[in-house]
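Letter by letter, the chains look like this.
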Amino acid sequence: MKKIKTLMEMTNPEAEKILEETQMAIIPLGSVEQHGSHLPLGTDYYAAESFAKRIVSKTGGLLVDFAPFGVTPLHMAFKGTVTLRSETMISLMTDIISSLYRHGAKKIVLLNWHERNLPAIEIATENSQNQLKEIRILIVHAHFIAKEKYGKIVGLTHGGELEILPILADRPELVHLELAIDPSPIKKGQKSDKFRRDPSIYYIPKDVRSMYKTGWYGEINDTSKKRIKEVMDGTSAEAAKRIKEYFEI
C-alpha cells in the first residue's frame, strides 16, 4: 500500500492543496481499552486508522488524526483503559469539524471502530450540521462493514479475529497470538452482543466483565496474509464505495 500521510505528518501547503481539491476530510475514531493479553490497548484506534488510510487512497480527502481515546467506561475495570465522557468527545469532534470547515472542508467522514462512541458521534454530527452551512457529515462504522462481509463464521467479537486482522496488517509487532489462551465463553458473549446490538430493544452494558469475564472472546481461525489482505481490501473498498455514493464523487 502506498504510504498515506495523516494531517500531522503534512506541511501546511500539502493540507491546503488536498482541501482545495476535495473539500473532504476523513477522521478515524476508536478508543483506548483492553483487548485481552494478545492485542494492544489502542486496537480500536489503530484499526480505524488502518482502514481510513486505505479508504482515503480510494476517495481522496484529508486524513485527520484524532485523539485515540473514546467513550468506554464499561472497560474501566481493566487497568490501562482510558475513557472520555460523552460530553468531552462531543466537544472534541465539534471543535475539530469546525476547524476543518473553516479551512474549506464541506464533506466530513467520521470513520468509527468503537460502538460506544456512536451516541457522541451522532450528537456532534447533528450539532455541526445545524451550526455550519452546507456541511455534510457521513458516519461510517467500519467494524460493521467488516462484520457484514467477513463475520459470517467468526462474527464481530471483542478481541477476536476481525479485530486482530487490522493490527496484523499495519502493526504486526503489537499482536501476540501466543497469549490468546483465555477467551471467555463464546455463547455468553454472543448472547450479550446480540441484545446490546439489537436496534429495536437493547441495553447499555456497565461492565464488560458481565459479558466476557476475561475481557475478550471469539474464534481466531485465519490470520494468514491472504485473509488479512482480503478483509482490509474488501472492507475498505466497500466503505469507499458507500462514501462516494453519498457525496456523489
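Residues numbered from 1 in each chain as written. Predicted model: local features only at pLDDT ≥ 70, side-chain atom pairs only at ≥ 80, totals over all residues. Heavy atoms only, no water.

Caption draft 1: Quick peek at the packing of aromatic side chains. Applying the stated criterion across every chain, the model contains three aromatic pairs. For the ring pair F51 and W113, a centre distance of 5.3 Å and an interplane angle of 15° mean the geometry is stacked. Pair noted here: F51 is in helix α2 (residues 43–59) and W113 is in the loop between β3 (107–112) and α4 (118–131), with a separation of 62 residues, a long-range link. The pair formed by F51 and W113 is uniform in burial state, with each residue classed as buried. (Phe/Tyr/Trp six-rings, centres within 6.5 Å; stacked < 30°, edge-to-face > 60°. Helix = DSSP H or I, 4+ residues; strand = E, 2+ residues; numbered from the N terminus. Buried < 20%, exposed > 50% of the residue type's maximum accessible area, 1.4 Å probe, protein only.)

Caption draft 2: Broad picture of the pattern of salt bridges. Applying the stated criterion across every chain, the model contains 17 salt bridges. Taking the shortest distance from any N to any O, the salt bridge between E148 and R242 comes out at 2.9 Å. Residue E148 is found in helix α5 (residues 142–150), and its partner R242 is found in helix α8 (residues 225–247); the two are separated by 94 residues along the sequence. What makes R242 partly exposed here is its relative accessible area of 35%. In this structure, the salt-bridge partner of R209 is D207, at a minimum N-O distance of 2.7 Å. (Salt bridge = Lys/Arg side-chain N within 4 Å of Asp/Glu carboxyl O.)

Caption draft 3: Region of interest: unusual backbone geometry. Look at Q23: it is not a glycine, yet its phi comes out positive at around 55°. Take Q23: it is sitting in the loop between α1 (12–22) and β1 (24–29). A relative accessible area of 35% means that Q23 is categorised as partly exposed. Phi is positive for E248, close to 55°, though the residue is something other than glycine. By the element assignment, E248 lies in the segment after α8.

Caption draft 4: Highlighting the sheet that holds β3. Pairing is parallel across the open sheet formed by four strands, whose spatial order is β2-β1-β3-β4. Edge positions in the open sheet fall to β2 (62–63) and β4 (136–141), since each of these has one partner strand only. With six bridges connecting them, β1 and β3 associate as parallel partners. Its bridge partner lying in β3, I27 is registered against L110. (Pairing = 2+ DSSP bridges.)

Caption draft 5: Summary view of the side chain of E238. Within the element layout of this structure, E238 appears in helix α8. What makes E238 buried here is its relative accessible area of 19%.

Caption draft 6: Inspection of the packing of helix α3 (residues 86–102) against α4 at higher detail. Across the interface, α3 lies against α4 with an axial gap of 9 Å and an inter-helix angle of 40°. Compared by their axis directions, α3 and α4 come out oblique. Crossing geometry of α3 relative to α4 is assigned as right-handed. On α4, the residues touching S86, M89, I90, M93, T94 and I97 of α3 are A120, I121, I123, A124, N127, S128 and Q131. Looking at the contact of α3 with α4 residue by residue, the classes come out as eight nonpolar, five polar and no charged. (Axes fitted to C-alpha atoms, helices over the stretch in contact; angles between N-to-C directions. Parallel < 35°, antiparallel > 145°, perpendicular 65-115°, else oblique. Left-handed = near helix turned anticlockwise from the far one by under 90°. Contact = heavy atoms within 4.5 Å. Nonpolar A, V, L, I, M, F, W, Y, C, P; charged D, E, K, R; others polar.)

Caption draft 7: Up close: the environment of E115. For E115, the location among the structural elements is in the loop between β3 and α4. It is 8.7 Å that separates the C-alpha atoms of E115 and G30, two residues lying 85 residues apart in sequence. Ignoring sequence-local partners within four residues, the contact set of E115 consists of H143, F144, R196 and R197.

Caption draft 8: Representation of the pairing of β4 within the structure. Relative to β4, β3 is paired through six bridges, and the arrangement is parallel. Of the residues in β4, the one forming a bridge with I108 is I137. Assessed by its sense of winding, the connection that carries the chain from β3 through α4 to β4 is right-handed. (Right-handed = clockwise from strand over helix to strand, strands pointing away.)

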